[in-house]
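The residues making up each chain are set out below.
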Amino acid sequence: MSRFAETLDRLMATIEARKSASPDSSYTAKLLSEGVERAAKKLGEEAVEVVIAAVQQDKDGLASESADLIYHFLVTLVAAGVSLDDVARWLESREGRSGLEEKAWRGQSER
Ligand SMILES: N=c1c2ncn([C@@H]3O[C@H](COP(=O)(O)OP(=O)(O)OP(=O)(O)O)[C@@H](O)[C@H]3O)c2ncn1[C@@H]1O[C@H](COP(=O)(O)O)[C@@H](O)[C@H]1O
């Protein structure tokens, strides 16, 4: 497994474990206790910060904001009850299909 995948798995396990932790002892537990809307709002804010870093061609900023984005993405998944396996199934279903085929497939299924 890649370093990135291992880190992601470890972080997801930590976030899952915070579901039963006290909001007074953990930022993650506090976020989770506030529900999916709050987690999703934070995710949106972090996404904007990633966009700004990318547009400014700030490589260090982009890497650091990406880490924040991924953390808040995982918190949002946990708050919503969606697993990384659920996401992986969608990614796997697209493997071997080109981006243009995927776009056409989405166009058809949305009609
Ligand atoms: N990877 C992260 C991580 N990335 C970012 N953040 C937090 O996300 C917040 C970023 O949001 P902002 O910049 O808006 O900061 P803020 O103004 O303090 O946030 P708000 O008050 O608006 O919620 C900061 O408080 C960061 O500390 C993270 N908090 C936790 N983790 C991981 O989660 C683990 C569990 O952390 P606990 O929250 O302590 O349980 C940690 O060991 C880390 O591995």
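Procedures and definitions
Residues numbered from 1 in each chain as written. Predicted model: local features only at pLDDT ≥ 70, side-chain atom pairs only at ≥ 80, totals over all residues. Heavy atoms only, no water. UniProt positions renumbered as here; feature names shortened; annotations may be inferred. Helix = DSSP H or I, 4+ residues; strand = E, 2+ residues; numbered from the N terminus. Buried < 20%, exposed > 50% of the residue type's maximum accessible area, 1.4 Å probe, protein only. Contact = heavy atoms within 4.5 Å. Areas by Shrake-Rupley, 256 points an atom, 1.4 Å probe, with all protein chains shown as cover. Lys, Arg positive; Asp, Glu negative; His and termini not counted. Charge placed at Lys NZ, Arg CZ, Asp CG, Glu CD. Near = heavy atom within 4 Å. Polar contact = N/O pair within 3.5 Å; in protein donor to acceptor, adjacent residues only side chain to side chain. Nonpolar A, V, L, I, M, F, W, Y, C, P; charged D, E, K, R; others polar.

Going by what an unreviewed UniProt entry lists, the protein is known as Phosphoribosyl-ATP pyrophosphatase and is assigned to Phenylobacterium conjunctum. Taken directly from UniProt, the Pathway (unreviewed entry) text for the protein runs: "Amino-acid biosynthesis; L-histidine biosynthesis; L-histidine from 5-phospho-alpha-D-ribose 1-diphosphate: step 2/9." Per its UniProt entry, the protein bears the Catalytic activity (unreviewed entry) comment "1-(5-phospho-beta-D-ribosyl)-ATP + H2O = 1-(5-phospho-beta-D-ribosyl)-5'-AMP + diphosphate + H(+)".

Chemist: Give me the lowdown on the overall build of the protein, citing residues and values where you can.
Modeler: The number of helices and strands found in the protein is 6 helices and 0 strands. For the protein, the α and β elements follow one another from N to C terminus as α-α-α-α-α-α. Taking the principal axes of the C-alpha coordinates as reference, the protein spans close to 50 × 35 × 35 Å. Within the protein, buried positions represent 22% of all 111 residues. In the protein, of all internal contacts separated by at least 6 residues, the share reaching a separation of at least 24 is 55%. Carbon and sulfur atoms make up 55% of the accessible area of the protein, which totals about 7,900 Å². Across the protein, the mean location of the 15 positive side-chain charges is 2 Å away from that of the 20 negative side-chain charges.

Chemist: Which residues make up the site of the ligand, and what values do they have?
Modeler: Around the ligand, a shell composed of L11, T14, R18, S26, Y27, T28, R38, K42, E46, D68, Y71 and H72 is seen. For the ligand, an oxygen atom lies 2.6 Å from a polar atom in the side chain of T28. A distance of 2.8 Å separates an oxygen atom of the ligand from a polar side-chain atom of R38. Here the ligand has 830 Å² of accessible area as a free molecule, and 52% of this is covered by the chains. The class makeup of the residues in the shell around the ligand is 3 nonpolar, 4 polar and 5 charged.

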